Amino acid sequence: AQSVTQLDSHVSVSEGTPVLLRCNYSSSYSPSLFWYVQHPNKGLQLLLKYTSAATLVKGINGFEAEFKKSETSFHLTKPSAHMSDAAEYFCVMGYQKVTFGTGTKLQVIP
Amino acid sequence: GAVVSQHPSWVICKSGTSVKIECRSLDFQATTMFWYRQFPKQSLMLMATSNEGSKATYEQGVEKDKFLINHASLTLSTLTVTSAHPEDSSFYICSSWDESYGYTFGSGTRLTVV
């Protein structure tokens, strides 16, 4: 069975410090993996996606994620947090049927 | 890139009435459309999957007679909440699937039933 686990429901960082949002997956096949961001009462915006081309994926707004098959992980990182990064982040897996992680709320402290 | 336009962005309706939510794919054809429901501070819950020209596939526990899904064309899918009740109040989001673009989400609809 497919599953996506976001290890932290809530992450708090100071502005200007690095961001790490963790995601582990379980799949019987080589998955497509995505990170989406959701601001309050808004839809989901794609940050980046992994589709087996390169293991280090660069996305929008300075975010990147590295696919590590040996660790079944796809953690999202950013070198320096901005206030505008405060939002809910979802790790998503799937090809034609999507599996969502439970989300990680990122708080950025001024 | 692909864009899915979802309308309305918010709607308030009276109990017992029906509400239709539309999702249109712009500049591409969405063979498959997914409909999700999101409860406050929770992740998205897949309600159903619709394919153009065929009946939608509903997830377990989702009332197909209450949440009517129509995907009559490659660019339009609709979700109708029939005889809405306050417990149907939620945030509804659609997404399309395309080989080239992957998943593209609509901006969501906040439904409040009073």
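This write-up is about the structure you can find in this document. Every value quoted in this text rests on a predicted model; they were computed, and no experiment measured them. (Residues numbered from 1 in each chain as written. Chains lettered and ligands numbered in written order. Predicted model: local features only at pLDDT ≥ 70, side-chain atom pairs only at ≥ 80, totals over all residues. Heavy atoms only, no water.)

## Digging into the overall build of chain A
In step 1: Each helix and strand counted, chain A has zero helices and twelve strands in total.
In step 2: What you see in chain A, going N to C, is helices and strands ordered as β-β-β-β-β-β-β-β-β-β-β-β.
In step 3: On the principal axes, the C-alpha backbone points of chain A span a range of 40 × 25 × 20 Å.
In step 4: Relative to its 110 residues, chain A shows a buried fraction of 44%.
In step 5: In chain A, the share of contacts with a sequence separation of at least 24, taken over all contacts with a separation of at least 6, comes to 55%.
In step 6: For chain A, the computed accessible surface area is about 5500 Å², with 52% contributed by carbon and sulfur atoms. (Helix = DSSP H or I, 4+ residues; strand = E, 2+ residues; numbered from the N terminus. Buried < 20%, exposed > 50% of the residue type's maximum accessible area, 1.4 Å probe, protein only. Contact = heavy atoms within 4.5 Å. Areas by Shrake-Rupley, 256 points an atom, 1.4 Å probe, with all protein chains shown as cover.)

## Structural notes on the sheet that holds strand β8 (residues 76–81) of chain B
All names here are of chain B.
In step 1: The strand order across the open sheet built from four strands is β1-β3-β8-β7, with neighbouring strands paired in antiparallel fashion. In this open sheet, the two edge strands, each paired with only one partner strand, are β1 (3–7) and β7 (67–73). Between one strand axis and the next, the sheet turns by 15° as a mean value, whatever way the strands run.
In step 2: Pairing geometry for β7 and β8, over five bridges, is antiparallel. (Pairing = 2+ DSSP bridges. Axes fitted to C-alpha atoms, helices over the stretch in contact; angles between N-to-C directions.)

## Thoughts on the state of the cysteines
In step 1: For the coordinates displayed, the defined rule picks out two disulfides over all chains.
In step 2: Paired through a disulfide, C23 of chain A and C91 of chain A show a sulfur-sulfur distance of 2.0 Å. Taking the sign of the S-S torsion, about -65° here, the bridge from C23 of chain A to C91 of chain A comes out left-handed. Residue C23 of chain A is found in strand β4 (residues 23–26), and its partner C91 of chain A is found in strand β10 (residues 87–94); the two are separated by 68 residues along the sequence.
In step 3: Here C23 of chain A falls in the buried class, since its relative accessible area comes to 0%.
In step 4: Residue C91 of chain A is classed as buried on the basis of its relative accessible area of 0%.
In step 5: The partner cysteine of C23 of chain B in its disulfide is C94 of chain B, sulfur to sulfur 1.8 Å. (Disulfide = S-S within 2.5 Å.)

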